[in-house]
Amino acid sequence: VQIVESGGGLVQPGGSLRLSCAASGFTFRSYHMSWYRQAPGKERELVAGITSDGGNTNYADSVKGRFTISRDNAKNTVYLQMNSLKPEDTAVYYCRASRVLVYWGQGTQVTISS
């Protein structure tokens, strides 16, 4: 199993980033996918989730209206479009696959700073 996040970086407040999570080694289309984040000194928190067929999504209140999760089951990839970024969005962002088993990626750093 491999889960690899990409797309992180340093962005100014108000900017945008698109994170990608490429998965392999399991039946991606059968798994619920989600993005979590962990800021320094804080617990890991759920950012957004999407059902296996992409029909339903959920978001943390702090990112509603700014972030959009989507998936492409043909490409075994889930995305997180992040707009209107704020300094408090700074964190390591992790991709998570869950069904019966749970798989995590290694994370990608997102830093929002002027």
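Residues numbered from 1 in each chain as written. Predicted model: local features only at pLDDT ≥ 70, side-chain atom pairs only at ≥ 80, totals over all residues. Heavy atoms only, no water.

Quick look at the state of the cysteines
Covalent bonding between the sulfur atoms of two cysteines is what defines a disulfide.
Then step 1. For the structure on display, the rule yields one disulfide.
Then step 2. Paired through a disulfide, Cys21 and Cys95 show a sulfur-sulfur distance of 2.1 Å. Its torsion about the S-S bond being -80 degrees, the disulfide of Cys21 and Cys95 is classed as left-handed. In this pair, Cys21 is assigned in strand S3 (residues 17-24) and Cys95 in strand S9 (residues 91-98), connecting sequence segments 74 residues apart. (Disulfide = S-S within 2.5 Å. Helix = DSSP H or I, 4+ residues; strand = E, 2+ residues; numbered from the N terminus.)

Looking at the sheet that holds strand S7 (residues 67-72)
Then step 1. In spatial order, the strands read S1-S3-S8-S7; together these four strands make up an open sheet with antiparallel pairing. Since the sheet does not close on itself, it has two edges, and those belong to strand S1 (2-6) and S7, each with one partner. On average, each strand axis in the sheet is inclined to that of its neighbour by 15 degrees, with strand direction left out of account.
Then step 2. Relative to strand S8 (residues 77-82), S3 runs antiparallel, the two being bridged by six bridges. In the sheet register, Leu19 faces S8, and the bridge partner there is Leu80. (Pairing = 2+ DSSP bridges. Axes fitted to C-alpha atoms, helices over the stretch in contact; angles between N-to-C directions.)

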